[in-house]
Amino acid sequence: MRTPKAELQQRVMEVLEIRLEGAEIPQIIQFAARRGWNVGSRQIYNYVSKSDEFLNKAIDKDAGRLLNRHIA
């Protein structure tokens, strides 16, 4: 059974949030188990990859503005 798109996006954002707090793969696997996601480690790696893509896009989009603010 596939995870609905909205739920998938929510999971990716949750993974991003805990990764920004310092969580590594083992902690993310435990987090997913506690949340009842019922996914394997391969899917966790997919969530991590998607969270990396989201973060990279967000940083790239705001890079100029962030750099200017930092310089100012």
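Throughout what follows, the structure given in this document is the object of discussion. Worth saying up front: this structure is predicted, and the values here are computed from it rather than measured.

### Side note on the overall build of the protein
Then, number 1: The helix and strand inventory of the protein stands at three helices and zero strands.
Then, number 2: Secondary structure elements of the protein, listed N to C terminal, follow the sequence α-α-α.
Then, number 3: Taking 11 Å as the expected radius of gyration for a compact globule of 72 residues, we find that the protein reaches 15 Å, considerably beyond that expectation.
Then, number 4: Summarising its shape, the C-alpha atoms of the protein cover approximately 50 × 25 × 15 Å along the three principal directions.
Then, number 5: Put simply, the protein has 72 residues, and 22% of those count as buried.

### So, the packing of aromatic side chains
Then, number 1: Inspection of every chain in the model, using the stated rule, returns two aromatic pairs.
Then, number 2: On the basis of an interplanar angle of 85° and a centroid distance of 5.6 Å, the ring pair of Phe 31 and Trp 37 is categorised as edge-to-face.
Then, number 3: With a relative accessible area of 8%, Trp 37 lands in the buried category.
Then, number 4: Between the aromatic rings of Trp 37 and Tyr 47, the centroid separation amounts to 5.6 Å while the plane-to-plane angle is 85°, which identifies the pairing as edge-to-face. Here Tyr 47 lies in helix 3 (residues 41-71) and Trp 37 lies in the loop between helix 2 (25-34) and helix 3, a separation of ten residues in the sequence. The pair Trp 37 / Tyr 47 is uniform in exposure class, with both members buried.
Then, number 5: Within the aromatic cluster, the residues linked to one another by ring pairs are Phe 31, Trp 37 and Tyr 47.

### Regarding the environment of Phe 54
Then, number 1: Following the sequence through the fold, Phe 54 ends up in helix 3.
Then, number 2: Along the primary structure Phe 54 and Leu 16 are separated by 38 residues, whereas in three dimensions their C-alpha atoms are 8.6 Å apart.

Reading the values: rules and limits
- Residues numbered from 1 in each chain as written.
- Predicted model: local features only at pLDDT ≥ 70, side-chain atom pairs only at ≥ 80, totals over all residues.
- Heavy atoms only, no water.
- Helix = DSSP H or I, 4+ residues; strand = E, 2+ residues; numbered from the N terminus.
- Rg over C-alpha atoms; globule rule 2.2 N^0.38 Å.
- Buried < 20%, exposed > 50% of the residue type's maximum accessible area, 1.4 Å probe, protein only.
- Phe/Tyr/Trp six-rings, centres within 6.5 Å; stacked < 30°, edge-to-face > 60°.

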